[in-house]
Amino acid sequence: MNTYVSASILGADLADLKNEIARIELAGADMIHFDVMDGLFVENISFGLPVLECVKKYAKVPMDVHLMISEPIRYVERFAAAGADIITFHAEAGSNIEETIDKIHLAGKKAGISIKPATPAGEILNFLDKVDMVLVMTVEPGFGGQGFIEGMLEKISELRFYARTKGFKFDIQVDGGINEKTASLVREAGANNLVSGSYLFGASDAVAAVASLKG
Ligand code: DX5
Ligand code: ZN
């Protein structure tokens with residue numbers, strides 16, 4: 001199974017985003033992870049539509065948008081129009097899950113569903129045949145630079161087991177505390193799409209850092 005690396009620009013120098021994106025693409029990142037926080041679903045506020053529009057003009061790889069916002073269905077069309085290629089929303093965020101997935105697909109984009117550390121995989125089993133990606137949060141959403149929660153490995157294995165036994169094709173993405181050490185644990189458990197912010201953008205050798213995540 002190929003492993004893909006999604007570079008979270010929350011860990012980049014935000015005042016130099018154009019160069020940071022070029023640098024991380026050149027290092028081999030497969031997509032750009034774009035964290036949207038509304039100060040409501042999560043405590044923090046990050047960036048949104050106008051920044052995505054700007055970034056989209058320069059990024060050569062797909063934009064992987066992670067919506068940490070309440071009632072995400074309200075914003076599907078606008079993020080699709082602003083340049084998202086994948087739109088991932090939270091199962092806990094208060095929108096009808098099936099309708100949100102359909103709306104993302106109707107906008108011509110890939111749909112991802114995400115669960116926080118306290119949400120069991122069982123909560124989303126009914127939707128696994130409809131999504132392109134499942135994002136297992138390996139930290140509490142809201143901030144970069146937190147420590148990986150080891151207890152999430154079992155959740156990843158459980159989801160990989162479902163994908164295998166049912167023949168579902170969704171990718172399993174992990175987000176939070178991913179570095180060269182935790183990357184091998186999540187790959188082993190069945191994740192094939194690794195988000196990384198502080199480790200990737202903070203590395204002195206970005207090429208080696210991307211390679212270490214892919215294994
Ligand atoms: C956390 C965000 C992550 C964050 C990851 O809420 O969803 O994408 O940028 O940062 P690191 O890799 O530093 O844990
Ligand atoms: Zn994220």
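Our subject is the structure that appears above.
Being a predicted model, the structure only gives us computed values, none of them experimental.

Reading the values: rules and limits
- Residues numbered from 1 in each chain as written.
- Chains lettered and ligands numbered in written order.
- Predicted model: local features only at pLDDT ≥ 70, side-chain atom pairs only at ≥ 80, totals over all residues.
- Heavy atoms only, no water.
- Axes fitted to C-alpha atoms, helices over the stretch in contact; angles between N-to-C directions.
- Helix = DSSP H or I, 4+ residues; strand = E, 2+ residues; numbered from the N terminus.
- Contact = heavy atoms within 4.5 Å.
- Nonpolar A, V, L, I, M, F, W, Y, C, P; charged D, E, K, R; others polar.
- Core = buried A, V, L, I, M, F, W, Y, C linked by side-chain atoms within 4.5 Å.
- Buried < 20%, exposed > 50% of the residue type's maximum accessible area, 1.4 Å probe, protein only.
- Parallel < 35°, antiparallel > 145°, perpendicular 65-115°, else oblique.
- Pairing = 2+ DSSP bridges.
- Right-handed = clockwise from strand over helix to strand, strands pointing away.
- Near = heavy atom within 4 Å.
- Polar contact = N/O pair within 3.5 Å; in protein donor to acceptor, adjacent residues only side chain to side chain.
- Areas by Shrake-Rupley, 256 points an atom, 1.4 Å probe, with all protein chains shown as cover.
- 1 Å grid on protein atoms, 1.4 Å probe; cavity = no way out; pocket = protein on both sides within 12 Å on 5 of 7 lines; lining within 4 Å.
- Sits in = over half its atoms within 2 Å of the grid points.

Considerations on the packing of helix α5 (residues 152–166) against helix α6 (residues 180–189)
Helix-helix packing is described using two parameters, namely the angle between the two axes and the distance between the axes. Where α5 meets α6, the axes come as close as 8 Å, and the angle between the chain directions of the two elements is 30°. Where α5 approaches α6, its residues Leu153, Ile156, Ser157 and Arg160 are matched on the opposing element by Leu185, Val186 and Ala189. Along the lines of polarity and charge, the residues of the contact of α5 with α6 split into 5 nonpolar, 1 polar and 1 charged.

Structural notes on the nonpolar core
Ranked by internal contacts, the top residues of the largest apolar core, which has 64 residues, are Ile9, Ile124, Val134, Ile156, Val186 and Leu200. A total of 5 residues in this core trace back to one element, the largest contributor, which is α5. Aside from chain neighbours lying at most four places away, what touches Val134 is Ile113, Ile124, Leu128, Leu159, Phe170, Asp171, Ile172 and Gln173.

Remarks on the packing of α6 against helix α8 (residues 206–214)
At a minimum axis separation of 8 Å, α6 and α8 run at an interaxial angle of 25°. Classified by the interaxial angle, the pair formed by α6 and α8 is roughly parallel. Here Glu180, Ala183 and Arg187 of α6 come into contact with α8, specifically with Ser212, Leu213 and Lys214. Split into classes, the residues belonging to the contact of α6 with α8 amount to 2 nonpolar, 1 polar and 3 charged.

Some remarks on the pairing of strand β2 (residues 31–37)
As a general feature of sheets, a regular strand has side chains that alternate between the two faces. With 7 of 7 residues buried, β2 lies mostly within the body of the structure. Here β2 shows two buried faces, one formed by Met31, His33, Asp35 and Met37 and the other by Ile32, Phe34 and Val36. The pairing of strand β1 (residues 4–8) with β2 spans 3 bridges and is classified as parallel. Counterpart to Ser6 in the pairing with β2 is Met31. Between the parallel pair β1 and β2, the chain is carried across by helix α1 (residues 17–26), and the sense of this crossover is right-handed. Here 6 bridges tie β2 to strand β3 (residues 63–68), and the two strands are oriented parallel to one another.

A few points about the site of ligand 1
Lining the immediate surroundings of ligand 1 are 20 residues, of which Ser8, Asp35, Gly142, Asp175 and Ser198 lie closest. At 2.7 Å, a side-chain N or O of Asp175 approaches an oxygen atom of ligand 1. Considered on its own, ligand 1 offers 380 Å² of accessible surface; in the complex 99% of this is hidden by protein. In a pocket analysis with a 2 Å cut-off to the grid points, ligand 1 is assigned to the largest pocket. Within the residue set of the shell around ligand 1, elements represented by two or more residues are β2, β3 and β8 (193–196). Sorting elements by how many residues they give to the shell around ligand 1 places β2 first, with 3 residues. Split by residue class, the shell around ligand 1 holds 7 nonpolar, 11 polar and 2 charged.

Focus on the sheet that holds strand β6 (residues 133–137)
An order of β1-β2-β3-β4-β5-β6-β7-β8 is seen for the 8 strands of this closed barrel, with the pairing classed as parallel. For this sheet, the mean inter-axis angle between neighbouring strands, taken without regard to orientation, is 25°. Pairing analysis gives 3 bridges linking strand β7 (residues 171–175) to β8, with the strands arranged parallel. By the bridge assignment, Val174 is partnered in β8 with Leu194.

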